[in-house]
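# Coordinates in review
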Amino acid sequence: MPGLYVHVPFCETKCVYCDFYSVEGMDREAAFLTRCVEEIDRRGDALQAKETFTSVFFGGGTPSLLRAEQLGALLSALRRNFTVAEDAETTVECNPGTVTRGKLEDYRALGVNRLSFGVQSFHDDDLRFLSRIHTAREAEDGIALAREAGFENVNLDLMFSLPGQTPARWLHNLERARALGTTHLSCYSLTVEKGTPLAVMVERGEVRTASEDSDAQLYELTMDTLASWGFAQYEVSNYALEGYACRHNLTYWRHEDYLGFGPSAHSTWKRRRSWNVSSIRAWAEQIAAGGDAFSGGEDLTDAMLRAEHISLRLRSEGIRRSVFQKMFGSDIVDDNPALLRQCEASGLLEISDDFVRLTRKGMLVCEEICLGLT
Ligand code: SF4
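These figures come from a predicted structure and were not determined experimentally. (Residues numbered from 1 in each chain as written. Predicted model: local features only at pLDDT ≥ 70, side-chain atom pairs only at ≥ 80, totals over all residues.)

What the protein contains, in helices and strands, is 16 helices and 17 strands. Its C-alpha radius of gyration of 21 Å places the protein within 12% of the 21 Å reference for a compact globule of 374 residues. Over its C-alpha atoms, taken along the principal directions, the protein stretches across nearly 60 × 50 × 45 Å. A separation of at least 24 residues holds for 68% of the contacts in the protein among residues at least 6 apart in sequence. (Helix = DSSP H or I, 4+ residues; strand = E, 2+ residues; numbered from the N terminus. Rg over C-alpha atoms; globule rule 2.2 N^0.38 Å. Contact = placed C-beta atoms within 7 Å.)

What follows concerns the site of the ligand. The immediate surroundings of the ligand are formed by Cys 11, Lys 14, Cys 15, Cys 18, Phe 20, Ser 22, Gly 60, Gly 61, Thr 62, Asn 95 and Gly 118. Here the shell around the ligand is composed, by residue class, of four nonpolar, six polar and one charged. (Near = placed C-beta within 6 Å. Nonpolar A, V, L, I, M, F, W, Y, C, P; charged D, E, K, R; others polar.)

The next thing to look at is the domain arrangement of the protein. Often, the extent of an interface is quoted as the loss of accessible area upon association of its parts. Split by domain assignment, the protein resolves into domain 1 (3-253) and domain 2 (302-373). Look at where the C-alpha atoms of domain 1 and domain 2 centre, and you get two points 29 Å apart. Opposite the seven residues of domain 1 that make contact, domain 2 presents eight residues. Looking at the side of domain 1 that touches domain 2, the elements with two or more residues in it are helix H8 (212-228) and strand E9 (232-235). Considering each element in turn, the side of domain 1 that touches domain 2 owes the most residues, three residues, to H8. Looking at the side of domain 1 that touches domain 2, its residues break down into six nonpolar, no polar and one charged. (Domains from an automatic or database assignment.)

With that settled, the discussion passes to the environment of Tyr 5. Mapped onto the elements, Tyr 5 comes out in strand E1 (residues 3-8). When the 22 C-beta atoms within 10 Å are taken as the criterion, Tyr 5 is described as buried. C-alpha of Tyr 5 to C-alpha of His 248: the two residues are 243 residues apart in sequence and 8.8 Å apart in space. (Buried ≥ 20, exposed ≤ 12 C-beta atoms within 10 Å, placed from the backbone.)

On to helix H10 (residues 280-288), then. What H10 keeps buried is the set Ile 280, Trp 283, Ala 284 and Ile 287. On an axial view of H10, the arc spanned by its buried residues comes to 95°, and they lie on one face. Where H10 is buried, its residues meet strand E3 (23-24), helix H1 (29-47) and strand E13 (272-276). Just past H10, the residue Gly 290 takes up positive phi, approximately 95°. (Arc of directions from axis to C-beta.)

Before going further, it helps to spend a moment on the nonpolar core. Formed by 77 residues in total, the largest nonpolar core has its most connected members in Leu 78, Phe 117, Ala 146, Leu 158 and Leu 185. Discounting residues that sit within four places of it in the chain, Leu 158 has contacts with Val 119, Gln 120, Ser 121, Asn 173, Ala 177, Leu 185 and Cys 187. Membership of the second largest hydrophobic core comes to twelve residues, among which are Leu 314, Ile 332, Leu 349 and Val 356. (Core = buried A, V, L, I, M, F, W, Y, C linked by C-beta atoms within 7 Å.)

Structural data, given as structure tokens:
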């Protein structure tokens, strides 16, 4: 079932490692809201979509900078133009330094039923290094406020392989997340993205990144620890208690359609992918001029769909051979017998009559296997 995404492109300050499109401060907030509603109305008119959307995701940026009435205006526009399921999973990404109990209660009254907190670490020195705006204490307080406001479906983003991070320090983060009653965890390794302040720091030798061995050790610690606490790993970096897998994430990984609004947002709709311009100013000007805000697009060929299906399904629930056969007219195992059987013999893949799945060991080399298959 398809999903809806709104990119809210504001942050209080930029974090040193972040390459998502966002700007510091809320100077252009009013224009953003007006144009975003306009964009949603226009796409709604153009597409006349009959499908029921089962998830809505406000990402960014820092959507939790929006007041409830602002978020409500965007939600109303989505509901006015698209059929949004009554029980749709509706997520707001939150920066712990930007929430109050009142705001979260108001979000809940609007129908928001899932919060995703960018916490990254429960150590203040890590948070300073990452230039997060909150302390560990504030992160804990933010999550407690979410509970008091009635949210039970709460994700935390945590980051491992931070400089100097020991297994004990990482384990402390996982333990704090569990103690706070989180139902979902996204655990990513620190990645040095081109063009970020962190990339400059690494280039100058001011920051040393973790070795591959240390990264793998922390990743394995994550998988083992969370499995022992009952969190199912349903994607390479995502873990959930039963019933709390993120419906919106699954839309992407199941290769289902989604529509995105706001600067830099991507959409995939009926075998057409398009992406909005990554600039608030240019995006707003394009919308104000009466058009769409795309800066590019492509029709998805069978070859592209096949490659994406392999990499998206392999990193999540696995490739269902019968579905693959129906979609692409061949069997994934027959197409790649040598590589797949070798990976199976090495304990990286499980191959059954109807599934090809990564094993726990295979998760460590997911990218390499995908590259070999696509
Ligand atoms: S708060 Fe999130 S989106 Fe904003 S700069 Fe930091 S990591 Fe990027």
